[in-house]
Amino acid sequence: MRYERRGRGFTRGFPPKPVEVGKEYDVEIQETSRRGEGITRIKGLVTFVPNTKPGDHVRIKITRISRRFAEAEVVGKAEEKAEEEGEAKAEEAKEAEEAEEAEKAEEAEAE
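Just so it is clear, the structure is predicted and the values come from calculations on it, not from any experiment.

Participant: Explain the pairing of strand S6 (residues 69-77) to me, please; I cannot follow it from the model alone.
Facilitator: For a regular strand, side-chain orientation follows a simple rule: the groups alternate between the two sheet faces. Pairing of strand S4 (residues 45-49) with S6, which is carried by three bridges, proceeds in the parallel orientation. Paired with Thr47 across the strands is Ala70, a residue of S6. Alignment of strand S5 (residues 57-65) against S6, held across seven bridges, turns out to be antiparallel. Residue pairing for S6: Lys61 is matched across the bridge by Glu73.

Below, the structure written as structure tokens:
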């Protein structure tokens, strides 16, 4: 009887990667590596970003994916300002609504 050996004896492979080469992501740098690169995690996958430091909010583009990590380059600043501006506009609209209601209440009292 002859036994066939398939693979290395275990079937545990690496799961599919949550990122793709060439795709852009807005991230916050969390740590610094031994080589001085910034480290961020995208859905658990460690990503190295050169020329960054912890606390930086940047937009990155994935340049390389290996088994356990990815490498990326900085494309620009993250687009969090747009979200903050949207929130500010929503607050202004709410304040304007409250002001209109107050005016209507004053007019009703004056009558």
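Participant: Looking at this structure, how should I read the pattern of salt bridges?
Facilitator: Oppositely charged side chains can form a pair if their charged atoms are brought close together. Tallying each qualifying case throughout the model produces six salt bridges. Between Arg64 and Glu71 there is a salt bridge, and its shortest N-O distance comes to 3.1 Å. Since its relative accessible area comes to 41%, Arg64 is described here as partly exposed. Members of the salt-bridge network, linked through shared partners, are Glu24, Asp26 and Arg59.

What counts and what doesn't
- Residues numbered from 1 in each chain as written.
- Predicted model: local features only at pLDDT ≥ 70, side-chain atom pairs only at ≥ 80, totals over all residues.
- Heavy atoms only, no water.
- Pairing = 2+ DSSP bridges.
- Helix = DSSP H or I, 4+ residues; strand = E, 2+ residues; numbered from the N terminus.
- Salt bridge = Lys/Arg side-chain N within 4 Å of Asp/Glu carboxyl O.
- Buried < 20%, exposed > 50% of the residue type's maximum accessible area, 1.4 Å probe, protein only.

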